[in-house]
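# Structural features, examined
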Amino acid sequence: MLYCGACMRLLSWNVNGIRAADRKGFYEWFSNEQPDILCLQEIKAVPDQLPPHLKNIPNYHSFWNPAERKGYSGVATITKEKPQSIKKGFGIEKFDVEGRILITEFEDFVLFNIYYPNGKKNKERLDYKLDFYDTFLAYADNLKAEGKNIVVCGDFNTAHKEIDLARPKENEKISGFLPVERAWIDAFIAHGYVDTFRHFNKNPEKYTWWDMKTRARERNVGWRIDYFFVNKDFLSKIKNAFILNQIMGSDHCPIGIELEEETAP
């Protein structure tokens, strides 16, 4: 892969349990990658449960937002540059208790690291997911209206188009590819946000999640449900977007963008 020498490298990864991923080589991978910012979803741990090498990573600032319920959900943002501000939710209890949100503001953009809900369990959870989507969009739109640039990454738990999953027809009545979920991504884009990967890559069979129970990854029967979105006005700063599908350790793989930094005259 070509690297942009003057770019910030932002990565996002649903690790399906940070302690499990660490036993499969997460820290070695991270030490080799050395991204400017790494956003993690589904950490399934509180900071006190982390091994020392993950608690205090040299040359990085780490922010953890676990769910109140143990062993469930949770997000973390690990960054070389210290953010100007950190928020751990939308200010709405029913969403914030699940540890799904970290909002970090930097000089040039606001970064949303989000583990969006899964709606497969029942109608109540699907309604919760759609309500979460709408609440997030209103929050992001308010910041955009203030003139902030927006970068959103994480596990959206929805494949947008038929190209984004291996078996669209078989899954069109399954949460994750329901018309109402896909329509929300359409609406999100209509509000002025861009799917960075699809901006650079229109190819099929590019996925970020595979069902482990059916060993789907071996056959690349997957879904693209992890994304980096940016507001349209910030798109010119994005020089690349990619999927690191060769990286193991979770049922998801990492994704990333390269963002052009302002250079001093």
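A short tour of the structure in this document, coming up.

### Focus on the nonpolar core
Ranked by internal contacts, the top residues of the largest apolar core, which has 28 residues, are Phe90, Phe112, Phe136, Val152, Phe156 and Phe188. When residues of this core are traced back to their parent elements, those giving at least two are strand S6 (101-105), strand S7 (110-115), helix H5 (123-145), strand S8 (150-155), helix H6 (179-190) and strand S12 (226-231). Tallying contributions element by element places H5 first for this core, with ten residues. Excluding residues within four positions of it along the chain, Phe136 makes contact with Phe90, Phe112, Ile114, Tyr116, Val152, Trp184 and Phe188. If you look at the next biggest cluster of nonpolar residues, it comprises 26 residues, including Phe109, Phe228, Ala241 and Ile243.

### Quick notes on the side chain of Asn16
Following the sequence through the fold, Asn16 ends up in the loop between strand S1 (7-14) and helix H1 (18-23). Among the polar contacts listed, one links the side chain of Asn16 to the side chain of Lys44, at a separation of 2.9 Å. Each residue touching Asn16, except ones within four places of it in the same chain, is listed here: Gln41, Glu42, Lys44, Met212, Ser250 and Asp251.

### Quick notes on the packing of aromatic side chains
Scanning the entire structure with this criterion turns up 28 aromatic pairs. Look at Phe106 and Phe109: their rings are 5.4 Å apart centre to centre, the planes differ by 35°, and that puts the pair in the tilted class. Among the residues examined, Phe106 registers a relative accessible area of 3% and is labelled buried. A residue is classified by how much of its surface remains accessible, and Phe109, at 4% relative accessible area, is buried. Here the basic side chain of Arg100 rests over the ring of Tyr115, its NZ or CZ set 4.8 Å away from the ring centre. Over the aromatic face of Trp223 sits the side chain of Lys120, whose NZ or CZ is 5.4 Å from the ring centroid.

### Some remarks on H6
Under the 1.5 Å per step criterion, the end-to-end length of H6 is 16 Å for twelve residues, consistent within 8% with the ideal 16 Å. Where H6 is concerned, the buried positions are Glu181, Trp184, Ile185 and Phe188. Across the axial projection of H6, the buried residues extend over an arc of 100°, all falling on one side. H6 presents Pro179 and Ala190 as exposed residues on the side facing more than 90 degrees away from its buried surface. Of the surrounding secondary structure, the elements contacted by the buried residues of H6 are H5, S8, strand S9 (193-195) and S12. Residue Gly192 follows H6 closely and has a positive phi angle near 105°.

### As for the pairing of S7
Judged by how many residues are buried, S7 sits mostly within the fold: six of six residues are covered. With burial as the criterion, each face of S7 is covered, one bearing Val110, Phe112 and Ile114 and the other bearing Leu111, Asn113 and Tyr115. In the sheet, S6 pairs with S7 via five bridges, with the strands oriented antiparallel. Each bridged residue has a counterpart across the sheet, and for Ile103 the counterpart in S7 is Phe112.

So, how was this worked out
- Residues numbered from 1 in each chain as written.
- Predicted model: local features only at pLDDT ≥ 70, side-chain atom pairs only at ≥ 80, totals over all residues.
- Heavy atoms only, no water.
- Core = buried A, V, L, I, M, F, W, Y, C linked by side-chain atoms within 4.5 Å.
- Buried < 20%, exposed > 50% of the residue type's maximum accessible area, 1.4 Å probe, protein only.
- Helix = DSSP H or I, 4+ residues; strand = E, 2+ residues; numbered from the N terminus.
- Contact = heavy atoms within 4.5 Å.
- Polar contact = N/O pair within 3.5 Å; in protein donor to acceptor, adjacent residues only side chain to side chain.
- Phe/Tyr/Trp six-rings, centres within 6.5 Å; stacked < 30°, edge-to-face > 60°.
- Lys NZ or Arg CZ within 6 Å of the ring centre and 35° of its normal.
- Expected span 1.5 Å × (residues − 1).
- Arc of directions from axis to C-beta.
- Pairing = 2+ DSSP bridges.

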